[in-house]
Protein chains: 2
Amino acid sequence: MAHRSAAIVTVGSELTLGLRIDTNTATVARTLATYGFTVTEAVSVADNLEVLVAALRRLTYAYELVIVTGGLGPTHDDITREAAAAALDLPLTRDSRLVEVLRPAVCRHRDDGAREQVLRQADVLRGAEILDPETGTAPGQLVATACGELLLLPGPPSEMLPMLMRGLQRKSPVCAAPRELGIAQMPESEAQVLIEGAITDMRGIGFTILSKPGDVRALLADSGAGGERLSEAADAAAEALGVHCYSSHGESLAEVVVRSAAQSGRTIALAESCTGGMVCAALTEVPGSSSAFIGGVVAYSNDAKTALLGVSEEVVSQHGAVSAQVAEGMAAGALAAFDTDLAVSVTGIAGPDGGSSDKPVGTVWFGLAVRSPSDGSVRVRSLLRRLPGTRTGVRDRATATALEVLRREILGLPAL
Amino acid sequence: MAHRSAAIVTVGSELTLGLRIDTNTATVARTLATYGFTVTEAVSVADNLEVLVAALRRLTYAYELVIVTGGLGPTHDDITREAAAAALDLPLTRDSRLVEVLRPAVCRHRDDGAREQVLRQADVLRGAEILDPETGTAPGQLVATACGELLLLPGPPSEMLPMLMRGLQRKSPVCAAPRELGIAQMPESEAQVLIEGAITDMRGIGFTILSKPGDVRALLADSGAGGERLSEAADAAAEALGVHCYSSHGESLAEVVVRSAAQSGRTIALAESCTGGMVCAALTEVPGSSSAFIGGVVAYSNDAKTALLGVSEEVVSQHGAVSAQVAEGMAAGALAAFDTDLAVSVTGIAGPDGGSSDKPVGTVWFGLAVRSPSDGSVRVRSLLRRLPGTRTGVRDRATATALEVLRREILGLPAL
């Protein structure tokens, strides 16, 4: 099925002044995708008649479907009806049935001006189909344009969404929801090359990469290929990414760690130095994380590493706090203190100070302690990384790496 | 001073597909307002060269300032540079200094294609001023247009915002740098009324409120009054906010806690349950935090509260893990374990599960243990809060409250 083009307009000065974050665009875009429309442009416009008329004129000539949310209420700054009338050069006429529907709302006002304001909601573009409100008082309107249709909807999401669905009902619901792949320990440019290679023969699949320090996500969307081909493409991309692909349905890395640990009945403890609680915070962000995560020690000072994790003062003074020996000692100490099956530790130099030629800023050691399910014996190992970036970047990357160490161990994947 | 016109463009198919909610528009719009710009139009564009070129051409002819965020990274769908070059009819040339800056990022790749991708970030519009990144690798660009200027910024908010402020400061050299007040434990509407009252007679001062769960910030900007009047206004606003104003020069609450503890030579430990490491992570985000922060225990399970913090099993079973007694026991336990002057604890129900009629989701107890500098005796107290919001909102608010408990104790302010 060929995708049809659509644009979204959200109306309100609260959006262009930055006083509210626009969530309607995302809601409408996702809904349109499932009905076979591709949105390439979404515009937020102030309560400014001139700017809104220009936007509607331009977009109704360029797109098969234009959805407008907001500006249909009774107040003076609700200008969407007037703007649509001017843009499409159609008269507004007061609909007598809607006047009846609005009567209870009209009766709540004594002032003639206020009554007239309420009645403005009964003004309809000539030839428009009226979408009655399920909640609220503002009806929607669906009207033909040069290229297709214009759909006017109220701004409040609870009024807007059911009306949008009704307006779209006669369009065929074929398109699949987009797929989101999570990618660990791989630069975004490398992920891109691999995914491009995997889906090179597939037309009608769009993809984009989103990245944060330590975490890369690839979004694959159906833009005409159909749901089955999208699944194929996502699976092919995931296979090309191999062990680096930690989820193919949008889960976060922490969610995968918590879920897989809970499924295998294994418990987790943490010992953090330079990440200072970030790994614990990431795991506990997941609802239900208490089924796998027991606790952690943030051992920021050397004394804390000794007192709470049992890393001996000699080991710290001999090898330094940022060393394989201390990382392994911290992991073993956390495993023992919290009596868990797994423990991961992080000790490093996040900067901006504290680096040396030997151990520059970004040097981070990770420790992993694992209790054998059969005989209860504990094996310990460690991993060194030189992480780029500022203090925040190093800490974010170290957090992602600690989670990936856990994921690979829990799922029995090759160690980092 | 007359307001100037501006438009915002956010680039990324994840926005027009509805996979991400666009927060950059609101952030940029509020920031522009404090610099005397009015935004009437904000456009989100897919990673589609043709559509983006058309949008940039149209907007740079209509507005004095056009801000673009996103699409400056290294991957194939980062098309903002090419689109701006086509829209303004300016060539792109590779900047040799930026090539040097990018060398470490280039060296992490073996593949020539991937190296070339990274180097695309060194491509600059002819005549553009380069804004070096503070974090990340994508530089910003500021270039003249028919009506004013076009400013290209990276998409990630933490990279985008500081670069936007720098770009605007250059453009409006008359304006003094904005002042940022941090406000704790006060709703944004109340803060707004107090600040409005304090600066009501002052013309040429713009202000805007930015709020996140648990933290409110007021940005005051000079829009014609001059630096001295801005200082007066900021001081008047801070005075009106009273004890709730924790900083008047943009410091975060965690920065104030770390700095004031370090100045008074006092050390801090944490014991966290429902915040799961977030308070520790906030404190250790501050460079140099090791001068005051010693460590923390994330005691997520009841066993961990007993084993690491010495809270007796009887107290937990008698009063429940979310209680004054357990909060005080956790704080006292952390003080003893890390041998610090102060310790704060957090134990609560973040949700979505675990609430009861008695202790609904959002019930959070905080404990504070303080060692007397004179005789070494320890006093302990606790505080109950019912925090609104989702799991994330409750955790964010609980983190901010724990930091505020610390700030008030360290500075000798009235307790919460």
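See the structure above.
Right, let's walk through the structure included here. (Residues numbered from 1 in each chain as written. Chains lettered and ligands numbered in written order. Predicted model: local features only at pLDDT ≥ 70, side-chain atom pairs only at ≥ 80, totals over all residues. Heavy atoms only, no water.)

## Section: the interface of chain A and chain B
Note the cut-off: We call two residues in contact when some of their heavy atoms are within 4.5 Å. When two components associate, each loses some accessible surface as probed by a 1.4 Å sphere; the sum of these losses over both components is called the buried area. Whenever a carboxyl oxygen of Asp or Glu lies within 4 Å of a side-chain nitrogen of Lys or Arg, that contact is scored as a salt bridge. Each polar contact in these results corresponds to two N or O atoms within 3.5 Å; when the atoms are within protein, one needs to be able to donate a hydrogen and the other to accept it, and residues that are neighboring in sequence are counted only if both atoms are side-chain atoms. Classification used: nonpolar for Ala, Val, Leu, Ile, Met, Phe, Trp, Tyr, Cys and Pro, charged for Asp, Glu, Lys and Arg, polar for all others including Gly. One requirement defines pairing of two strands: DSSP has to find at least two bridges between them. Put simply, DSSP H or I for four residues or longer makes a helix, DSSP E for two residues or longer makes a strand, and each gets a number counted from the N terminus.
At the interface, 71 residues of chain A touch 67 residues of chain B. Across the interface of chain A and chain B, roughly 5,200 Å² is buried in total on both sides, 61% from carbon and sulfur atoms. In terms of surface lost to chain B, no three residues of chain A exceed Thr40(A), Tyr300(A) and Leu308(A), which account for 10% of the buried area on that side. Taken together, the connections running from chain A to chain B amount to one salt bridge. Ionic pairing is found between Arg20(B) and Glu180(A), a salt bridge with its closest N-O pair at 3.1 Å. For the interface between chain A and chain B, the tally reads 33 residue pairs in polar contact (both at pLDDT 80 or more). Here the side of chain A that touches chain B is built from residues that sort into 38 nonpolar, 20 polar and 13 charged. Where strand E14 (residues 293-299) of chain A meets strand E14 (residues 293-299) of chain B, five bridges bridge the pair, whose relative direction is antiparallel. Directly across from Val297(A), in E14(B), lies its bridge partner Val297(B).

## Overview of the sheet that holds strand E10 (residues 205-212) of chain A
Through backbone hydrogen bonds, the strands of a sheet pair up, either in parallel or in antiparallel fashion. Residues and elements named next belong to chain A. Short version of the rule: Axis definition: a line fitted to C-alpha atoms, over the contacting stretch in the case of helices. Angles run 0 to 180 degrees between N-to-C directions.
Strand order across the open sheet formed by four strands is E10-E11-E9-E12, with antiparallel pairing between neighbours. Where the open sheet ends on each side, the last strands, each with one partner, are E10 and strand E12 (245-247). Between one strand and the next, the sheet's axes are offset by a mean angle of 30°, whatever the strand orientation. For strand E9 (residues 179-183) and strand E11 (residues 215-222), the ladder comprises five bridges, and the chain directions are antiparallel. Residue pairing across strands places Gly182 opposite Arg217, the latter belonging to E11. Packing against the sheet, helix H8 (residues 188-198) makes contact with E9, E10 and E11, and its axis sits at approximately 165° to E10.

## Remarks on the pairing of strand E8 (residues 149-153) of chain A
All names here are of chain A. Operational definition: Only protein chains enter the accessibility calculation, which uses a 1.4 Å probe; a residue whose area is less than 20% of its type maximum is buried, one above 50% is exposed, and one in between is partly exposed.
The element E8 is largely enclosed, with a buried count of five among its five residues. The alternating pattern of E8 places Glu149, Leu151 and Leu153 and Leu150 and Leu152 on opposite faces, both of which are buried. Of the pairings in the sheet, the one linking strand E3 (residues 65-69) to E8 comprises five bridges and is parallel in character. If you follow Ile67 over to E8, its bridge partner there is Leu151. Across four bridges, strand E7 (residues 140-144) lies against E8 in antiparallel orientation. Bridge pairing in E8 places Val143 opposite Leu150. Counted along the chain from E7 to the antiparallel partner E8, the turn is four residues long.

## Here we look at the nonpolar core
We apply this condition: We call a set of buried Ala, Val, Leu, Ile, Met, Phe, Trp, Tyr and Cys residues a nonpolar core when their side-chain atoms join them within 4.5 Å.
Of all hydrophobic cores here, the largest spans 74 residues; its most connected members are Val9(A), Leu56(A), Leu150(A), Val9(B), Leu56(B) and Leu150(B). When sequence neighbours within four positions are dropped, the list of residues in contact with Val9(A) reads Val43(A), Val45(A), Leu52(A), Leu56(A), Leu59(A), Val66(A), Ile67(A), Val68(A) and Thr69(A).

## Observations regarding the sheet that holds strand E10 (residues 205-212) of chain B
All names here are of chain B. The antiparallel open sheet is built from four strands, whose spatial order is E10-E11-E9-E12. Looking at the sheet topology across the chains shown, the edges are occupied by E10 and strand E12 (245-247). Within the sheet, the average angular offset between the axes of one strand and its neighbour, ignoring direction, is 30°. Against the sheet, helix H8 (residues 188-198) engages strand E9 (179-183), E10 and strand E11 (215-222), with an angle of about 165° to E10.

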